[in-house]
Amino acid sequence: VCRIFKTLAGHAIQGLTLKEIAEAINTNDPSTLRLLQTLEEERLVIQFESKRWALAMGMLQIAQATDNELTRAGARVKEMQQRIHAGAANIENRPL
């Protein structure tokens, strides 16, 4: 399943054919189709009318939620670094 996600990465607009995906993950077409159908039920991949497959909104929403969390975490880490730096400066500037 992870190999399918990695294979579909960067193909959200045009997607890939079943055969392209199967070849990329080194699996036969029927097995790949079953995996894709399971992922489709979970709204993680979508099959276009052209029969090509791509990452679906569900997967993109997971990616966006993760990016949002990392942005918040980065802001918190930066704030902590600034406070530590300010505190260290106060310690260094104290008379002995």
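Note that this is a predicted model, so its numbers are computed, not measured. (Residues numbered from 1 in each chain as written. Predicted model: local features only at pLDDT ≥ 70, side-chain atom pairs only at ≥ 80, totals over all residues. Heavy atoms only, no water.)

## Points about the pattern of salt bridges
So, step 1. Scanning all chains against the criterion turns up four salt bridges.
So, step 2. We note a salt bridge from Arg-52 to Glu-20, for which the minimum N-O separation is 3.6 Å. With Arg-52 in the loop between β1 (45–47) and β2 (53–55) and Glu-20 in helix α2 (residues 18–25), this pair connects stretches of sequence that are 32 residues apart.
So, step 3. Judged by its relative accessible area of 24%, Arg-52 falls in the partly exposed class.
So, step 4. On the basis of relative accessible area, Glu-20 is assigned to the partly exposed category, the value being 34%.
So, step 5. Between Arg-83 and Glu-79 there is a salt bridge, and its shortest N-O distance comes to 3.9 Å. Linking Arg-83 with Glu-79, this pair stays in helix α4 (residues 57–92), spanning four residues, or about one helical turn.
So, step 6. Given a relative accessible area of 57%, Arg-83 falls into the exposed group.
So, step 7. On the basis of relative accessibility, which here comes to 35%, the residue Glu-79 falls in the partly exposed class.
So, step 8. Overlapping salt bridges, with partners in common, bring together Arg-76, Glu-79 and Arg-83 in one network. (Salt bridge = Lys/Arg side-chain N within 4 Å of Asp/Glu carboxyl O. Helix = DSSP H or I, 4+ residues; strand = E, 2+ residues; numbered from the N terminus. Buried < 20%, exposed > 50% of the residue type's maximum accessible area, 1.4 Å probe, protein only.)

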